[in-house]
Amino acid sequence: MTRPRAMTGISATQDELKDFFENYANIAFDLCWDAHGKINFYKKLLADIKKGLVLSDELPEAKGLSTSVTNAIIQKQYKLAVAAAESAWELSGDIAREFHTTIRSAIPDGETIPQYDVEYQAKNTQKSAKIRIKTWRRNIEVELIGSESAIEELHGLVTLAALRA
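All of these numbers come straight from a predicted model, not from anything done at the bench.

A. Main features of the overall build of the protein chain. The helix and strand inventory of the protein chain stands at four helices and four strands. Listing the helices and strands of the protein chain from first to last along the sequence gives α-α-α-β-β-β-β-α. Relative to its length of 165 residues, the protein chain is extended, with a C-alpha radius of gyration of 20 Å against a globular reference of 15 Å. Projected onto its principal axes, the C-alpha coordinates of the protein chain cover approximately 65 × 35 × 20 Å. Expressed as a percentage of the 165 residues in the protein chain, the buried residues total 35%.

B. Layout of the sheet that holds strand 4 (residues 139–146). Ordered in space as 1-2-3-4, the four strands form an open sheet in which the pairing is antiparallel. Strand pairing shows two members of the sheet lacking a second neighbour, strand 1 (99–106) and strand 4, which therefore form its edges. Pairwise comparison of adjacent strand axes, ignoring direction, gives a mean angle of 15 degrees for this sheet. Sheet strands in contact with helix 1 (residues 12–51) are strand 1, strand 2 (115–122), strand 3 (129–136) and strand 4, and its direction is about 140 degrees off that of strand 4.

C. Layout of the environment of threonine 135. Take threonine 135: it is sitting in strand 3. Separated by 22 residues in sequence, threonine 135 and isoleucine 113 have C-alpha atoms that sit 9.6 Å apart. Among all residues touching threonine 135, those that are not within four sequence positions of it are Phe29, Trp89, Pro114, Gln115, Tyr116 and Ile140. At 2.7 Å, the side chain of threonine 135 forms a polar contact with the backbone nitrogen of tyrosine 116.

Scoring rules and cut-offs
Residues numbered from 1 in each chain as written. Predicted model: local features only at pLDDT ≥ 70, side-chain atom pairs only at ≥ 80, totals over all residues. Heavy atoms only, no water. Helix = DSSP H or I, 4+ residues; strand = E, 2+ residues; numbered from the N terminus. Rg over C-alpha atoms; globule rule 2.2 N^0.38 Å. Buried < 20%, exposed > 50% of the residue type's maximum accessible area, 1.4 Å probe, protein only. Pairing = 2+ DSSP bridges. Axes fitted to C-alpha atoms, helices over the stretch in contact; angles between N-to-C directions. Contact = heavy atoms within 4.5 Å. Polar contact = N/O pair within 3.5 Å; in protein donor to acceptor, adjacent residues only side chain to side chain.

Structure (structure tokens):
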């Protein structure tokens, strides 16, 4: 979500850390968006199978396959898409080792885009620091939580992890 930032009291390292997680959140949201498109497609196909409809128009690959085989394949693809949506928010490589990640999602009534609340809690810092990412529709908000010294320490850990990658 775009918000004006106060021009005083924010250090360069806090800006860098926030920018890193904003970029990461934008990429994760796009991956998640693609996965949810697939999830919705597979849900529709599964509903069509339940209704006894022929899928050859929407899924030419299903032509000649039995309903049970088609259903099993679509169920598997559905589960893979759900896993891809969740894993989009997981940090990767050395950076992931520095955080404990908590991912919560919900689709509010009347909405088609899930809302995510993701927290990255620093594991190996002397002080408590975490990053919270919240989404609402296409809006993404990144918040650094912790004292200035905790955020500075976290910035150092993320920088070192990125250099190791």
